[in-house]
Amino acid sequence: MAKRSRTKARDSQPAQGEVGPRQPCPCGSGKRYKACHGAAGGAPAVFVNRPFEGMPSECDVVALRELVPAATAPLTLKEADAQGRSVQLCSLLPMAAPAMVRESGQVWLGLQVQHNFGDPARDLGAVLLKALATDEPGIVGLTDPPGEGPRLQDLVTGDALDITVHDGFEYWIADVEDQSGMAAALEQANAAALPTARLTSVEAAYWTNVGSKEHLRWVMPEPEDRLLDALARLHAAGKDDIAPGSRFVGMFRAHGLLAPVWDLPVGTGPEPLEEPAERFAADLAEALADESPLTAEQRSARSGLANRQVTIR
């Protein structure tokens, strides 16, 4: 019997509707399928592309989970779930804890955690209910997949979150009377936090200083195809600069949303970005409303933008 060619087997095309092992995983992780959802036990069985859809301030929640070192926002729970407790959403908690019950009984919920069970909004809903079920102060963890149940957006109410960006992690100990033994850990955490500010003129746009340069990173809610079309129109028209000396460098994809990124000259700071960002938002809204076919120049710009995307999870 003739031997089967290994090369032919490796290069054979998957049937329609299937994903080949060397193709990008459809979950958007950026990995090859065989190293992600195609790996036995290697990836979560559950994957939700846009987990925070329907959450108040969805774009800001994505930014706090992926971009912002130190930020907090109070959550308003639905009456049936509140149990008279107050809840604070935090970008990061000590030791990347999923949740903490404070001495006061307040529940702190962490966005930047070490586990990944495929649907972070479901994970947050599970750990929140777990924290609300105990009065004992301490860390509340999530070590196993939570299974079915409400997601965070099913438990909260309101139209928008009141977000506070902090210079450091002093909020970790703001309600602690004896802070003497925490100075070293706090100093270490603060040293790793990049200066960050949230713009006030637009939603979910964050300035940060990484030392050698500054960035503006802006999480946007529009569907990817429409947003790429609109950004291509602005790029072709020379309207995608955000400030003097700035450069639109691309975008990343996180939790089903795109976030355009601009490099800024060192020393720009957040305040000078407010008016240009507001103007850019108006230009973007006009471009989003334009349903005419893209010109050749705009199609070229769109292709270039599509090649400057990075997926993070």
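Now for a description of the structure that goes with this document. Note that the structure is a prediction, hence the values are computed from the model and not measured.

About the criteria used
Residues numbered from 1 in each chain as written. Predicted model: local features only at pLDDT ≥ 70, side-chain atom pairs only at ≥ 80, totals over all residues. Heavy atoms only, no water. Helix = DSSP H or I, 4+ residues; strand = E, 2+ residues; numbered from the N terminus. Buried < 20%, exposed > 50% of the residue type's maximum accessible area, 1.4 Å probe, protein only. Contact = heavy atoms within 4.5 Å. Areas by Shrake-Rupley, 256 points an atom, 1.4 Å probe, with all protein chains shown as cover. 1 Å grid on protein atoms, 1.4 Å probe; cavity = no way out; pocket = protein on both sides within 12 Å on 5 of 7 lines; lining within 4 Å. Points joined across faces, edges and corners; volume = space filled by probe spheres on them. Nonpolar A, V, L, I, M, F, W, Y, C, P; charged D, E, K, R; others polar. Phe/Tyr/Trp six-rings, centres within 6.5 Å; stacked < 30°, edge-to-face > 60°. Lys NZ or Arg CZ within 6 Å of the ring centre and 35° of its normal. Axes fitted to C-alpha atoms, helices over the stretch in contact; angles between N-to-C directions. Parallel < 35°, antiparallel > 145°, perpendicular 65-115°, else oblique. Left-handed = near helix turned anticlockwise from the far one by under 90°.

1. Quick look at the overall build of the chain
Right, so step 1: On a plain count of helices and strands, the chain comes out with 9 helices and 13 strands.
Right, so step 2: Burial status across the chain gives 45% buried among its 313 residues.
Right, so step 3: Restricting to contacts in the chain with at least 6 residues of sequence separation, those with at least 24 account for 62%.
Right, so step 4: Accessible surface, the chain as shown: approximately 16500 Å² in total, 49% of it carbon and sulfur.

2. Some thoughts on empty space enclosed by the protein
Right, so step 1: Under the definition given, this model contains 2 cavities of 30 Å³ or more.
Right, so step 2: Considering the residues around the largest cavity, the lining is formed by Arg-65, Pro-98, Gly-110, Leu-111, Val-113, His-115, Pro-120, Asp-123, Leu-124 and Val-127.
Right, so step 3: At 4 residues, helix H4 (residues 120-132) tops the list of elements feeding residues into the lining of the largest cavity.
Right, so step 4: Quantified by volume, the second largest cavity comes out at close to 30 Å³.
Right, so step 5: Lining the second largest cavity, in full, are Pro-69, Ala-70, His-166, Asp-167, Gly-168, Ala-193, Leu-194 and Thr-196.
Right, so step 6: Taken together, the residues that form the lining of the second largest cavity break down as 4 nonpolar, 3 polar and 1 charged.

3. Brief notes about the packing of aromatic side chains
Right, so step 1: Tallied over the full model, the rule gives 8 aromatic pairs.
Right, so step 2: Taking the centre distance of 6.1 Å and the plane angle of 45° together, the rings of Phe-169 and Tyr-171 count as tilted. Tyr-171 shares its class with Phe-169; the two are buried.
Right, so step 3: Residues Trp-262 and Phe-280 carry aromatic rings whose centres are separated by 5.2 Å and whose planes lie at 85° to one another, so their mutual orientation is edge-to-face. Of this pair, Trp-262 sits in strand E12 (residues 257-264) while Phe-280 sits in helix H8 (residues 274-289), and the two are 18 residues apart along the sequence.
Right, so step 4: The rings of Trp-108, Phe-169, Tyr-171 and Trp-172 are connected pair by pair, giving a single aromatic cluster.
Right, so step 5: The ring of Trp-108 has Arg-102 lying over it, and the distance from NZ or CZ to the ring centre is 3.8 Å.

4. Digging into the packing of helix H7 (residues 224-236) against helix H9 (residues 296-306)
Right, so step 1: At a minimum axis separation of 8 Å, H7 and H9 run at an interaxial angle of 120°. Classified by the angle between their axes, H7 and H9 sit oblique to one another. For H7 against H9, the interelement crossing comes out right-handed. On H9, the residues that touch Asp-225, Leu-228, Asp-229, Leu-231, Ala-232, Arg-233, His-235 and Ala-236 of H7 are Glu-297, Gln-298, Ala-301, Arg-302 and Leu-305.
Right, so step 2: Of the residues assigned to the contact of H7 with H9, the class counts are 6 nonpolar, 2 polar and 5 charged.

5. Quick notes on the environment of Gly-269
Right, so step 1: Its place among the elements puts Gly-269 in the loop between E12 and H8.
Right, so step 2: On the accessibility criterion, Gly-269 (12% relative accessible area) is buried.
Right, so step 3: Residues Gly-269 and His-215, spaced 54 residues apart in sequence, show a C-alpha to C-alpha distance of 9.4 Å.
Right, so step 4: Contacts of Gly-269, omitting those with residues within four sequence positions, involve Trp-207 and Glu-214.

6. What to know about the layout of surface pockets
Any space left empty among the atoms is revealed by the rolling of a water-sized probe across them.
Right, so step 1: If you add up the space inside the second largest pocket, you get close to 230 Å³.
Right, so step 2: Taken together, 17 residues line the second largest pocket, and the ones lying closest to its centre are Glu-203, Trp-218, Val-219, Pro-221 and Glu-222.
Right, so step 3: Listing elements by their share of the lining of the second largest pocket, those giving two or more residues are helix H2 (58-66) and H8.
Right, so step 4: Looking at the lining of the second largest pocket, the element that brings in the most residues is H8, giving 4 residues.
Right, so step 5: Taken together, the residues of the lining of the second largest pocket sort by class into 11 nonpolar, 1 polar and 5 charged.

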